[in-house]
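Secondary and tertiary structure notes
One-letter residues, chain by chain:
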Amino acid sequence: MADTARAEVVATFVQFRDKIDPAWFIGRGKAEEIAREAEQQAVDLVVFDRELTPAQLHNLERLIPCKVIDRTQLILDIFAMRAQTKEGRLQVELAQLQYLLPRLSGRGRELSRLGGGIGTRGPGETQLETDRRHIRRRIRDIRRELEQVKKHRALHQTRRRKNEILQVALVGYTNAGKSTLLNRLTDSDVLAEDRLFATLDPTSRALSLPSGETVLLTDTVGFIRHLPHQLIAAFRSTLEQVKEADLLLHVVDMSHPEAQDQIEVVEAVLEELGASHLPVLLVFNKADQVTEVPLLAPGRDAITISAFSDRDLERLVHAIDERLHETAIIGRAEIPAEKGDWLALLHRRAQVHETEMDGSCLRISFRMPKRHFERLPSDLRSQIHILSM
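Rules of the game
Residues numbered from 1 in each chain as written. Predicted model: local features only at pLDDT ≥ 70, side-chain atom pairs only at ≥ 80, totals over all residues. Heavy atoms only, no water. Salt bridge = Lys/Arg side-chain N within 4 Å of Asp/Glu carboxyl O. Helix = DSSP H or I, 4+ residues; strand = E, 2+ residues; numbered from the N terminus. Buried < 20%, exposed > 50% of the residue type's maximum accessible area, 1.4 Å probe, protein only. Pairing = 2+ DSSP bridges. Axes fitted to C-alpha atoms, helices over the stretch in contact; angles between N-to-C directions. Contact = heavy atoms within 4.5 Å. Parallel < 35°, antiparallel > 145°, perpendicular 65-115°, else oblique. Left-handed = near helix turned anticlockwise from the far one by under 90°. Nonpolar A, V, L, I, M, F, W, Y, C, P; charged D, E, K, R; others polar.

**Description of the pattern of salt bridges**
Applying the stated rule across the entire model yields 13 salt bridges. Across the salt bridge formed by Glu93 and Arg138, the nearest N and O atoms sit 2.8 Å from each other. Here the residue Glu93 occupies a position in helix H4 (residues 86-100), and Arg138 occupies one in helix H5 (residues 127-162), the gap between them amounting to 45 residues. You can call Arg138 partly exposed: its relative accessible area is 24%. For Asp301, the salt bridge identified is with Arg323, shortest N-O distance 2.6 Å. Of the two residues, Asp301 is situated in the loop between strand E7 (280-285) and strand E8 (302-304) and Arg323 in helix H10 (residues 310-324); the sequence distance between them amounts to 22 residues. Judged by its relative accessible area of 31%, Asp301 is partly exposed. Overall, the relative accessible area of 18% leaves Arg323 in the buried class.

Below is the structure:
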């Protein structure tokens, strides 16, 4: 993550402890050792790979002669660098403010300035209280703006559902190759870098399946171990798009030494989002970077690919098609010639195999997802003879 944030790592310290020191996080002696090294190396930043409490951060800043941040601050900084859309920037700012609010006190601020006059809380208000009030007000404003964005997205979602557009969501640990897959499958040009959180803003593209159906493929923000709860809260409206998917493609970097742990992290976040019940196809990516395929998920619905292999991508698209239609109904319908709207509906919601005229009726053979069949008008369903399901 430090590399992603464009920081140069000059030294790393590890300490094994039975429990976290409530005052220093690490031991006092280890903190003094880090302070000496920071002074000798003339570094300007020390990063702790866990979230620090306000008290721990305050104590470490007093001891270490440079800026001290924790894992959460580093991730927030990376997110701030990556956010491109207005919604993304608002979500990052909201997370930053939520993180900052309980950490205002004890950060070396001068708290003696008094407020007064029209529009203030009156004499005696400290600068700390003014800052807190301003942050709370800004948090309320951002939440209102994000709520409007959420309503706008819900309208699009309703329109997609009305048009019976199937949705497939790419989920996975950050840097697993989700954006590369989106680009390769849909001929898109979404930013894809070998860095953490290269993509923050969800991107959707149309994907044509071998069955002739077109689905919506959506790239989502990557997950990470100990993802700050502020970010999950701020990005919840974006991440909840995952819950609307008909199929999740859980992309895994099979070349990573901690691939199994990363699978568990992603599944835990999906559980938190309420999306663990959705059908999942595990996509073990980066097969071109391993000499031996590790046994990561025995018995699970999975496929092994390289995003740079055309043959593998073709296999993946067929697998997606099969998973989306594995509960399909194969049927035959006799449609009166004057019922052109029924004919259009079947062509929109089903994969039509054959159409022939029989007197004043059209005889149609088709395959249709069960959920689409259940939404057909009852009078149309009565004209359908189900062959298999």
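**Description of the sheet that holds strand E4 (residues 203-208)**
The strands making up a sheet are joined through hydrogen bonds of the backbone, oriented either antiparallel or parallel. Here 6 strands make up an open sheet; going across it, the order is E4-E5-E3-E6-E7-E8 and the pairing mixed. With one partner strand each, in any of the chains shown, E4 and E8 form the two edges of the open sheet. For this sheet, the mean angle separating the axes of adjacent strands, direction not counted, is 25°. Relative to E7, strand E6 (residues 247-253) runs parallel, the two being bridged by 6 bridges. Residue pairing in the sheet places Leu249 in a bridge with Leu281 of E7.

**Structural notes on the side chain of Gln262**
With respect to the helices and strands, Gln262 occurs in helix H9 (residues 259-273). Looking at Gln262, the relative accessible area reads 7%, which means it is buried. Discounting residues that sit within four places of it in the chain, Gln262 has contacts with Tyr173 and His256.

**Observations concerning the packing of helix H3 (residues 71-82) against H4**
One way to put it is that H3 packs onto H4 with a least axis distance of 10 Å and a crossing angle of 155°. Between H3 and H4, the angle is such that the two are roughly antiparallel. For the crossing formed where H3 meets H4, the hand is left-handed. Note on element contacts: H4 touches H3 through Val92, Ala95, Gln96 and Tyr99, opposite Thr72, Gln73, Leu76, Phe79 and Ala80. Among the residues making up the contact of H3 with H4, the classes are represented as 6 nonpolar, 3 polar and no charged.

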